[in-house]
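Structural description and commentary
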Amino acid sequence: MESIGEMDVNKRRRVSRGQGRPAAGVWLREIGELGNRSFSYRHRASEDLVLRFQIDRKLKHHRGCVNTISFNSSGGILVSGSDDKLVILWEWQTGNVKLAFHSGHQNNVFNAKIMPYTDDRSIVTCAADGQVRHAQLPESGPVKTSLLAKHQGRAHRLAIEPGSPHVFYSCGEDGLVQHFDLRTKSVTELFTCHPLDDRGSNRPVIQLNAIAIDPRNPNLFAVAGSDELTRLYDIRKYKWDGSTDFGQPASYFCPPHLVGDEQVGITGLAFSDQSELLVSYNDEFIYLFTQDMGLGPDAVKSEVVASLSDTDLRENVNPQVYKGHRNCETVKGVNFFGPKCEYVASGSDCGRIFIWKKQGGELIRVMEADEDVVNCVEPHPHEVVLASSGLEDDVKIWTPKAIEKAILPTNIQQTRPKSRGWMYRISSPEDLLLQLFSMERRRTDSVDNRDDSSSSTTGRDLMELIFTFNGNNPSSSDDGGDASGPEDFFS
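What comes next is a walk through the structure. Remember, it's a predicted structure, so these values are computed and weren't measured experimentally.

Right, let's get into the packing of aromatic side chains. Per the counting criterion, the structure on display carries 12 aromatic pairs. Seen in terms of ring centroids, phenylalanine 354 and tryptophan 356 are 6.0 Å apart; in terms of plane orientation they differ by 25 degrees. Their pairing is stacked. In terms of burial, phenylalanine 354 and tryptophan 356 fall into one category: buried. Three or more aromatic residues link up through ring pairs in this structure, and these residues are Tyr169, Phe191, Phe221 and Tyr233.

Below, the structure is given as structure tokens:
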């Protein structure tokens, strides 16, 4: 007969042997070795389920590229926005449209989010027309939308303060970051993001594509766009009477080999629940930074970088890298996935979805999603469910129902040549006029200072801009699709 000690040892051995099996969690829960909460976390983080993702249904109602998708806080409703200027609330489990309404925008909707704790009746949007709008959904009758503010150029992203039904931020290609409070309808222009003074850049502002708030410390938010740097700000340093210059970041984030690289930009940002920062570069890779990898408020200035050897930088800043996808054509987001952010997910120019293990960067899943570019991959807040969208006019819902586990395809492109990329394309008359105005201002300054070389350089830049504009597709879509609306006066 076994002693109690021997029985405990054998029990632990059985538990240890069973932990690697797909059904181990169920068995451990049944024998009391795994609590319900731990079982739920382990189940939702299971790699076995990730390998069984397949398309569960397609949500069809839009008539243009679907540029934005997000779940409400409970996960029961999915909101989407499109080139058709519609905002749609979906009951994604049945595929039914709960509500569809015109956003009030004059051009493609780039971002739409449901404010939390509002019974899904408060939605904020931004678009290619630069507008930031607020939609209030009544219990009956038409939806009313109102203009809150306007960027001078396309407005790509919004960021909602975690848990707040009132406060959110916007960023746009004019480099402006704005703070909104729906209680008072107040809008505060926090700062305009400029290139570093010592770069000699011809760009008047950093065209911002992404903004994200740290859920663990909502005082911190990051912005990124048409240069290689992610800038981290602390809203507590802002003086609401406007008495201080808030444009100085608390820190910068950048892989050491990209510091000073003017050919790359950033399309997507995401924070994990552990304050890790995920950064997706165009014509490059995705990187994961911990908070201690920040370069500080002055570390990217040329004299400071020159004083640091590559060895020093690489020892202090060594972000995890995620490779395999392609991000050259559009403004793509990036996201964490899993109850404790165990995975990283991104769309790709090749029409596939890529999923990596966060720790180690191992690519474990590549899913055929669209015939064209996939831009958005959004995780459900509580379930093992993904939603994706891109240049096609539908939203795809992914659930782990496949009988067989998927294996990686053999034709994954791991490296890519550098290219000028979409970041430097002039794709609308507004873009051209904005750049021309900036160049004229620099030309005037150079004449005042009698700087003939600067004036000559501005002239060459002007010719390059004109040729760039003539050579580009006159598209204004965040996803690369055709724009529609009164802005298309060149068509």
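After that view of the structure, there is still more to cover.
Within the secondary structure layout, histidine 134 lies in strand 8 (residues 131-136). A distance of 2.7 Å separates the side chain of histidine 134 from the side chain of serine 122, its partner in a polar contact. At a separation of 3.1 Å, a polar atom in the side chain of histidine 134 contacts the side chain of lysine 185. Excluding its chain neighbours within four sequence positions, the residues that come into contact with histidine 134 are Ser122, Ile123, Val124, Lys144, Thr145, Ser146, Leu148, Leu182 and Lys185.

Here we take up the sheet that holds strand 28 (residues 394-400). Strands sit in the order 1-28-27-26 across an open sheet of 4 strands; the sheet is antiparallel. In the strand order of this sheet, the two ends are held by strand 1 (53-60) and strand 26 (374-379), each with one partner. Neighbour-to-neighbour, the strand axes of the sheet open up by a mean angle of 25 degrees, direction not taken into account. Note: strand 1 against strand 28, 7 bridges, orientation antiparallel. What sits directly across from arginine 57, in strand 28, is isoleucine 397.

Considering all chains together, one arrives at 18 salt bridges under this definition. Between arginine 352 and glutamate 368 there is a salt bridge, with its nearest N and O atoms 3.7 Å apart. Taken together, the residues span a long stretch of sequence, with arginine 352 in strand 24 (residues 352-357) and glutamate 368 in strand 25 (residues 363-368) at a distance of 16 residues. Judged by relative accessible area, which is 54%, glutamate 368 ranks as exposed. When the shortest N-O distance is used, the salt bridge between aspartate 370 and lysine 396 registers 2.8 Å. Placement of aspartate 370 in the loop between strand 25 and strand 26 and of lysine 396 in strand 28 is noted, with a sequence separation of 26 residues between them. A residue is classified by how much of its surface remains accessible, and aspartate 370, at 8% relative accessible area, is buried. Counted as one network, the salt bridges with shared partners bring together Lys60, Asp370, Glu392, Asp394 and Lys396.

Here we come to the side chain of arginine 52. Inspection of the secondary structure puts arginine 52 in the loop between helix 4 (47-50) and strand 1. At 3.0 Å, the side chain of arginine 52 and the side chain of aspartate 48 are in polar contact. Excluding residues that lie within four positions of it along the chain, arginine 52 makes contacts with Arg365, Thr399, Pro400, Lys401, Ala402, Ile403, Glu404 and Lys405.

Attention now moves to the sheet that holds strand 4 (residues 86-91). In space, the 4 strands of this open sheet follow the order 2-3-4-5, with antiparallel pairing throughout. Edge positions in the open sheet fall to strand 2 (66-71) and strand 5 (96-102), since each of these has one partner strand only. Strand-to-strand twist in this sheet, taken as the mean axis angle between neighbours without regard to direction, amounts to 20 degrees.

Checked against the element boundaries, leucine 277 lands in strand 19 (residues 277-281). Those residues in contact with leucine 277 that lie beyond four places of it in its chain are Ala222, Thr230, Phe253, Leu269, Ala270, Phe271, Tyr287, Leu288 and Phe289.

A few words on unusual backbone geometry. Non-glycine residue lysine 85 carries a positive phi angle of around 70 degrees. The residue lysine 85 is located in the loop between strand 3 (78-82) and strand 4 in this model. Since its relative accessible area comes to 13%, lysine 85 is described here as buried. With a phi close to 60 degrees, lysine 185 is a non-glycine residue in the positive phi region. With respect to the helices and strands, the residue lysine 185 is situated in the loop between strand 12 (176-181) and strand 13 (186-192).

Moving on to the pairing of strand 5. With 6 bridges joining them, strand 4 and strand 5 adopt antiparallel strand pairing. The residue bridging isoleucine 88 from the neighbouring strand is alanine 100, located in strand 5. Taking the residues between adjacent antiparallel strands as the criterion, strand 4 and strand 5 are bridged by 4 residues, where glycine 95 takes a positive phi near 85 degrees.

Taken as a whole and assessed by the stated rule, the structure comprises 0 disulfides. For cysteine 171, which is in no disulfide, the shortest distance to another cysteine sulfur is to cysteine 126 and amounts to 7.4 Å.

What counts, and where the lines are drawn
- Residues numbered from 1 in each chain as written.
- Predicted model: local features only at pLDDT ≥ 70, side-chain atom pairs only at ≥ 80, totals over all residues.
- Heavy atoms only, no water.
- Phe/Tyr/Trp six-rings, centres within 6.5 Å; stacked < 30°, edge-to-face > 60°.
- Buried < 20%, exposed > 50% of the residue type's maximum accessible area, 1.4 Å probe, protein only.
- Helix = DSSP H or I, 4+ residues; strand = E, 2+ residues; numbered from the N terminus.
- Polar contact = N/O pair within 3.5 Å; in protein donor to acceptor, adjacent residues only side chain to side chain.
- Contact = heavy atoms within 4.5 Å.
- Pairing = 2+ DSSP bridges.
- Axes fitted to C-alpha atoms, helices over the stretch in contact; angles between N-to-C directions.
- Salt bridge = Lys/Arg side-chain N within 4 Å of Asp/Glu carboxyl O.
- Disulfide = S-S within 2.5 Å.

All we've got here are geometric facts, nothing functional implied.
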